[in-house]
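Structure assessment
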Amino acid sequence: MTSTPLDELPERAVRVRAPGKVNLSLRVGPRARDGYHPVSTVFQAVSVYEEVVATPAEVFGVSASGPQSEAVPTDDSNLALRAAHAVARRAGVDDAVHLHLVKGVPVAGGMAGGSADAAAALVACDALWGTGLSRDDLLELAAELGSDVPFSLVGHTAVGQGRGHLLTPALSRGEFHWAFAVQDRGLSTAAVYAAYDDLAHPDVEPLDDEHDVPLMQALLAGDAAALGAALHNDLETAALELDPGLTEPLAIATDAGALGVVVSGSGPTVAALARSRKHALAVAAAFTASGVADRVLTATGPVAGARVVAGE
């Protein structure tokens, strides 16, 4: 991933890095009256990053570079720009900021790239303006922006409930290695949830935390094989309904000996858990050789959430 070298940053600028995520488990409850589905999910932050460079400006603005950057909105709908406005309102700041997003997480790929941008923008604007907002303040703003933004802020491994925004840290030991098959074609989260509803789920049961006990035990033990066996995503069938081609990278990863393979979040990125860094590279090579992905990434997890890496 390209980024702005330290010696090329403007005199007053802050650069923040925030990770993408993989849902180790995603369980979806019946749709509520407000239209949202309650979820119970286990997030892991992985070493695929977004970077946001915040610089003082006359007016609020956003730009982007990196893979799929042409698909990033640069109007007021941009989540990072909304995050900057939220910090300004909360702290009573009259200044404006320009945000440059360096894309590393797939766009509309089920790995929370937009949420990582928003989390990074919260941290960057707080640092640039010296607002001194507390972590609780930032988490509150993050939850208002989107369901995955709080986790992008804190990183590591966590259980998410409600819409995914109510977080409880999860104990995890060791390092896990991943290979990701990325598609340039995105999948809309709303469309995947709509497909989930259309696939006749009137009998969806209320969420039960007991389902993920084996997964939590695997994390605590640092047991990659047990974790692979426990990976789960209620939205996977819906994602495959909308994008049947995803069956191919799922099969390739299994044939390459992945410990577990799952569609990440609402897709279309396919996440394969490997035995080691070397094995992750081998699974990635299998993705590439078979032509089932537009891009292939490898990563480790868990990693920290949004952090200042350069600037004030």
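Look a little higher up for the structure.
Let us look at the structure shown here. (Residues numbered from 1 in each chain as written. Predicted model: local features only at pLDDT ≥ 70, side-chain atom pairs only at ≥ 80, totals over all residues. Heavy atoms only, no water.)

1. Observations concerning the pattern of salt bridges
Stated precisely, the cut-off is as follows: Here a salt bridge means any side-chain nitrogen of Lys or Arg lying within 4 Å of a carboxyl oxygen belonging to Asp or Glu. We count a stretch as a helix when DSSP gives it H or I for four or more residues in a row; a strand needs E for two or more, and each element gets its number in order from the N terminus. To sort residues, take the accessible area from a 1.4 Å probe on protein chains only and compare it with the maximum for the residue type: under 20% means buried, over 50% means exposed, and anything in between is partly exposed.
All chains considered together, the criterion is met by nine salt bridges. Between Arg-17 and Glu-51 there is a salt bridge, with its nearest N and O atoms 2.7 Å apart. Taken together, the positions of Arg-17 in strand β1 (residues 14-28) and Glu-51 in strand β2 (residues 39-57) put the pair 34 residues apart, joining distant regions of the chain. With its nearest N and O atoms 3.0 Å apart, the salt bridge here joins Lys-103 to Asp-117. Here Lys-103, found in the loop between β4 (96-102) and α2 (113-129), pairs with Asp-117, found in helix α2; they are 14 residues apart in sequence, far enough to count as distant. We note that Lys-103, like Asp-117, is buried. Three or more residues joined by partner-sharing salt bridges are found here, namely Arg-15, Arg-17 and Glu-51.

2. Remarks on the packing of aromatic side chains
The cut-off we apply is this: Any two of the Phe, Tyr and Trp rings considered here, Trp counted by its six-membered ring, make a pair once their centres fall within 6.5 Å; the pair's planes then place it as stacked at under 30 degrees, edge-to-face at over 60, or tilted in between. When the NZ atom of lysine or the CZ atom of arginine is within 6 Å of a ring's centre and also within 35 degrees of its normal, the charge is said to sit over that ring.
What the rule picks out here adds up to three aromatic pairs. An angle of 15° between the planes, with centres 4.6 Å apart, marks the rings of Phe-43 and Phe-151 as stacked. Taken together, the residues span a long stretch of sequence, with Phe-43 in strand β2 and Phe-151 in helix α4 (residues 149-154) at a distance of 108 residues. Here Phe-43 matches Phe-151 in class, with each residue buried. Note on Trp-178 and Phe-180: the rings are 6.1 Å apart at their centroids and 15° apart in plane angle, and the pair reads as stacked. Stacked on the ring of Tyr-49, the Lys or Arg Arg-17 has its end atom at 5.4 Å from the ring centre.

3. Brief notes about the pairing of strand β3 (residues 61-65)
Put simply, the rule is: We treat two strands as partners when DSSP finds at least two bridges between them.
Of the strand pairs in this sheet, β3 and β4 are connected by five bridges, and their pairing is parallel. The residue of β4 that forms the bridge with Ser-63 is His-100.

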